[in-house]
Amino acid sequence: MTRPTEDDKLIIAGRAFGSRLLTGTGKFGQPEQLRAALAASGTEIVTVAVRRVDLNDPADRTLTAIDRDRYLLLPNTSGARDAIEAVRIAKIAAAIVGHRWVKLEVTPEPDYLLPDPVATLQAARELVAQGFTVLPYMNADPILARHLEEAGCATLMPLASPIGSNRGLRTADLIRIIIEQAHVPVVVDAGLGAPSHAAAALELGADAVLVNTAIATAADPVGMAEAFALAVVAGRRAFLAGLPARGDRASASSPLVGRLGQVAP
Amino acid sequence: MSEPSALAGLRDPGLWERVQQRIYSSTSDDVARALASERRTPEQLVALLSPAADAVRAELEAAARQLTLQRFGRTVVLYVPLYLSNSCTNSCSYCGFARQRDIRRATLDDSELDVELQRLAGQHFRHLLLLTGEDRRAASVDFIRAAVARCHARFSSVSVEVYPMAAAEYAALVAAGCDGLTLYQETYHQPTYAAVHPDGPKADFDARLAAPLRAAAAGMRSVSLGALLGLADWRVEGVLLAMHGALLRQQSWRTRLAFGFPRLRSDPGAGCTLRTLSEDELGQLICGLRLCFPDADLVLSTRECAEFRDRMVGVGVTRMSAGSRTAPGGYALGSDAGEQFAVTDTRTPAEIAGMLEAHGYEPVWKDFDQGFLA
């Protein structure tokens, strides 16, 4: 049983999704592997870099691997270095994919690909004004989260650690604050390198995660996609079940106090 | 920091010898430390390119392979070079375009360019590299700018490998839609540089060194550096190349860095002996640069043979040319104009793509979009 319960949907901009695992399409060697990994992940939202695909080519290898009836094809603006470029790419994508959902990425520095907070906010405002449903990739900055939410973004997508780094939930304390304050879904994006990282994000209360590198570059991408699917469900269940409080001191699972009480009259 | 003062260290004529001394005195402990360090700089490259590292090439390769997979996945971008002109005012002793050579000179006009572009687009290419010799009369900045603009209709990415330019000239190319520059220093060993570039504008070592930084500052998204391997000691060449790259990134943090690895196959002339390097040594250089620059594009052209190129897939190389011709009009026009160098990997673009697929890699034809540009 790996499916979430029927009534526990991820709602983004009024649209319901059964899976809380969003996936990327980069770094896969073969389209068949991408197709199989998507299926194994149970994902319903698949993001694609506009720069990487030929949206006008009906035979594009990546696009043909994504069944549009099954997945929401979410174009991203990866490669944009400023707000103007990001807005332009979003509009090109919208004209071709036929909807106005976009994953906003503005990453001016080519090594760590960290999101530019100023340009991201600027682009988000512009795109929302143009009727886009904006899912912004952002630093784990609670104040920026407030601004992006006020700008009308449909989600907040704070990074766990630098994209592609597989370093896990390094920004947990800040993401915790973002989750506490957000009124839109929080999708932890970037840096989740293992299913346990994804589970931890969901346990923390994140609404969903986005994973690409850890699946695409695994020795067995399909097996890893399935592992992430299980982890996301486990993390969500744990969150809903209510994790017990943590303390610094040991607490025995069979307390001695009661028994001693019974022995000594 | 201004351009000249930033480059002062690299211009220092004593640098080569100091680096050489450190490379040849590196120990296996230095190599182990460099391999173990989390953030590697040209400082660590000294050990990784030293003879002390020769014994652990397999370890270097494994580390480079892991890093390349993590940062780039199972993908290799394919591009094609297109020579606009072979006219040149330089007399580089190793180059087929040198002005003293008795070859047929040609510069493509618009209609010839269109014929070439149509052929290349039909082969699936979306990344194009435009090249010229250094002759501002045959191939002016305006001519190159117009060619860049003309290529946009069919190609997602248009970059250039042309003579050094002024900042405003680079900016004009960027405005026309050029997203990358390739400019190789050829050698960082100044006495050799002077010997093989006896005259013409290229004789100015310092001017060439400064140009890539200027292009990056002018907004070129990607800048590719390289040394013509075989002119001087490749180990020292590699460290100074990395220093040049690190400096460029320090000056222009938005610029994407790339390195090319052109390897000279025959005697460079001008009284210089070929300081050849083996494929294993070239592999070591590629791995070393990957370990110091995890996100840099590493480019391997058709100068190298099919077997070596195949072997380097996944190790560090992220961009490859395919089906290259090195003379203007070489694709569809059947031109007999002179070539810059002889191509060794003569496989067709489709064959190269097939080879990548057979290795479990995706041949990426498009990794940029004209939509980024105004």
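Keep in mind that this is a model prediction, so the values were computed, not measured. (Residues numbered from 1 in each chain as written. Chains lettered and ligands numbered in written order. Predicted model: local features only at pLDDT ≥ 70, side-chain atom pairs only at ≥ 80, totals over all residues. Heavy atoms only, no water.)

Colleague: Summarise the packing of helix α5 (residues 142-150) of chain A against helix α6 (residues 172-181) of chain A; cite the residues concerned and give the values.
Modeller: Two quantities define a packed helix pair, namely the angle between the axes and the distance from one axis to the other. Residues and elements named next belong to chain A. Look at α5 against α6: their axes get within 9 Å of each other, and the N-to-C directions meet at 30°. Here α5 and α6 pass one another in a crossing that is right-handed. Counting all contacts with α5, which are made through Pro142, Ala145, Arg146 and Glu149, the residues of α6 involved are Leu174, Ile177, Ile178 and Gln181. Taken together, the residues that form the contact of α5 with α6 break down as five nonpolar, one polar and two charged. (Axes fitted to C-alpha atoms, helices over the stretch in contact; angles between N-to-C directions. Helix = DSSP H or I, 4+ residues; strand = E, 2+ residues; numbered from the N terminus. Left-handed = near helix turned anticlockwise from the far one by under 90°. Contact = heavy atoms within 4.5 Å. Nonpolar A, V, L, I, M, F, W, Y, C, P; charged D, E, K, R; others polar.)

Colleague: Describe the pairing of strand β7 (residues 133-138) of chain A, listing the residues and the values that go with them.
Modeller: All names here are of chain A. Counting buried positions along β7 yields six of six residues, so the element is predominantly enclosed. For strand β6 (residues 101-104) and β7, the ladder comprises four bridges, and the chain directions are parallel. The residue of β7 that forms the bridge with tryptophan 101 is threonine 133. The parallel pair β6 and β7, bridged by helix α4 (residues 117-129), forms a crossover whose chirality is right-handed. (Buried < 20%, exposed > 50% of the residue type's maximum accessible area, 1.4 Å probe, protein only. Pairing = 2+ DSSP bridges. Right-handed = clockwise from strand over helix to strand, strands pointing away.)

Colleague: Give me the confidence of the model for chain B: which residues, what numbers.
Modeller: All names here are of chain B. Here chain B averages 93 in pLDDT, while 99% of its residues score no lower than 70. Here helix α1 (residues 3-11) stands out as the least confident element of chain B, with mean pLDDT 79; strand β5 (residues 222-226) is the most confident, with 98. We note a pTM of 0.90 for the whole complex and an ipTM of 0.81 for its interfaces. (pLDDT = per-residue confidence, 0-100.)

Colleague: How would you explain the pattern of salt bridges if you had to name every residue and give the values?
Modeller: All chains considered together, the criterion is met by 41 salt bridges over all chains. A salt bridge links aspartate 12 of chain B to arginine 18 of chain B, with the nearest nitrogen and oxygen atoms 2.9 Å apart. On the basis of relative accessibility, which here comes to 28%, the residue aspartate 12 of chain B falls in the partly exposed class. A relative accessible area of 46% places arginine 18 of chain B in the partly exposed class. Among the salt bridges present, the one from arginine 22 of chain B reaches glutamate 43 of chain B, with a minimum N-O distance of 2.9 Å. One end of the pair, arginine 22 of chain B, is in helix α2 (residues 15-24); the other, glutamate 43 of chain B, is in helix α4 (residues 42-48), and 21 residues separate them in sequence. Judged by relative accessible area, glutamate 43 of chain B falls into the partly exposed class, the value being 46%. One network of salt bridges, with partners in common, ties together Arg51 and Arg52 of chain A together with Arg256, Asp297, Arg319 and Asp367 of chain B. (Salt bridge = Lys/Arg side-chain N within 4 Å of Asp/Glu carboxyl O.)

Colleague: Which residues make up the interface of chain B and chain A, and what values go with them?
Modeller: Accessible area lost upon the coming together of the parts is a frequently used measure of interface size. Contact residues are listed per partner, giving 32 residues for chain B and 36 residues for chain A. Run the count over chain B and chain A and you get eight salt bridges. Across the contact surface, chain B and chain A share 24 residue pairs in polar contact (both at pLDDT 80 or more). Residue assignment for the side of chain B that touches chain A shows that the elements contributing at least two residues are α5 (57-72) and β9 (362-364) of chain B. For the side of chain B that touches chain A, the element with the highest residue contribution is α5 of chain B, accounting for four residues. Class assignment of the residues belonging to the side of chain B that touches chain A gives a composition of 10 nonpolar, seven polar and 15 charged. (Polar contact = N/O pair within 3.5 Å; in protein donor to acceptor, adjacent residues only side chain to side chain.)

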